[in-house]
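Breakdown of the fold
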Amino acid sequence: MRWLYFSIKRRKLVKMRERFFNQIGGLLLKQLISSNEDGVESTKIFSAENLEKPTNKYVEDRILGRGGHAIVYKGVLSDECLVAIKKSRLMDQGQIEPFINEVIILTQVNHQNVVKLLGCCLEAKVPILLYEYVPNGTLFHHIHNSGEMPWFSWENRLKIAAEAAGVLAYLRSAASMPIIHSDVKSSNILLNNIYTAKITDFGASKLVPLDQTQVTTLVQGTIGYLDSEYFQTSQLTKKSEVYSFGVVLAKLMTGKKPLSPTKSEGELNLAIHSIISIKENKFFLVLEPLILREANLEQLQAVVELVTRCLNLKHDERPTMKEMAMELEGLRKISRDPCNEPGMQKKI
């Protein structure tokens, strides 16, 4: 009778895995992964059991970060390779669609500044994705803890901004079908040990047909980074994330959060506060002291101008991400002035 008990138990387990497989669109994803188009490195399919050991059964001390819909764990595979494992909190349709979307997009993208998808699990109760491990945390953490990080210099900030702009431009022009990320923010930019930027979290991203300039969608993104036009019309364009990138750029300059509920009304929203400060020639008052010490006048004036253009309320007057990438890369080549010019603050 013992063998009968285990046989029944095994059949139940197989049926449960089949149900989970079907729930998360497993057949579609398996076909997509096995086709391996565009030369993107093969994405592996892991069993649920094979992911418990790398995370020590998802213990608390392996948690790298928590989001509204998922928890990310640090994992160690059998070959000692470090990975980041994102496990959804709940199983519902709202979780499944971003999961499928992310796999579809990341199996088509191969770029050094995009976090690489290494594998996924198609038979677990909740969606699970495996990524390359990026060891230096998020840009959000570095901006808001910069006092603890002496190497988070102006040079590194400019490097991160140029790389992030470059990969967003690539997603629009060099990918097989243009991609709009839809949730550009500092917590979705990871950094490695030499401050190379890695864009992550493509669950809300949109593939845009070549003959279209915009898509109508449910508004997705993070308050404080959202383009007001997109928020009001649900029309997502390639200029929508230029606005979001402008908020990231303002954060890199000021060290402030996009929304600060404890601040006065004029300082509540970083984008609005930045534009008003620039128009009144007072932006230097909100710059991080480190930037005032390290950046030269030409760089500062140019980046302030980029922030202004990105945060323009009219989307057609904003620059493209390609223009942003080229200008930021050009600014990196300007030799750093070893000292601040007298009266610099009065000019900004």
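These figures come from a predicted structure and were not determined experimentally.

Attention now goes to the sheet that holds strand β2 (residues 63-66). Spatially, six strands are ordered β1-β5-β6-β4-β3-β2 in an open sheet, and the strand pairing comes out mixed. The sheet is open, and its two borders are formed by β1 (44-46) and β2, each paired with just one other strand. Adjacent strand axes in the sheet meet at a mean angle of 25 degrees, parallel and antiparallel pairs treated alike. Inspection of the sheet shows β2 paired to strand β3 (residues 70-76) by three bridges, in the antiparallel sense. When the bridges of β3 are listed, Ile 63 appears paired with Tyr 73.

Evaluated as defined, the whole model comprises zero disulfides. The structure places no disulfide on Cys 121, whose sulfur is separated from the nearest cysteine sulfur, that of Cys 120, by 7.6 Å. What makes Cys 121 buried here is its relative accessible area of 0%.

Moving on, we come to the nonpolar core. Counting 73 residues, the largest nonpolar core has Leu 139, Ile 189, Phe 245, Leu 249, Met 253, Met 324 and Leu 328 as the members making the most contacts within it. Per-element accounting of this core gives the leading share, 12 residues, to helix α5 (residues 154-173). Those residues in contact with Leu 249 that lie beyond four places of it in its chain are Ala 161, Val 303, Leu 306, Val 307 and Met 324. Residues Ile 71, Tyr 73, Leu 77 and Ile 128 belong to the second largest nonpolar core, which totals 12 residues.

Calculation notes
Residues numbered from 1 in each chain as written. Predicted model: local features only at pLDDT ≥ 70, side-chain atom pairs only at ≥ 80, totals over all residues. Heavy atoms only, no water. Pairing = 2+ DSSP bridges. Helix = DSSP H or I, 4+ residues; strand = E, 2+ residues; numbered from the N terminus. Axes fitted to C-alpha atoms, helices over the stretch in contact; angles between N-to-C directions. Disulfide = S-S within 2.5 Å. Buried < 20%, exposed > 50% of the residue type's maximum accessible area, 1.4 Å probe, protein only. Core = buried A, V, L, I, M, F, W, Y, C linked by side-chain atoms within 4.5 Å. Contact = heavy atoms within 4.5 Å.

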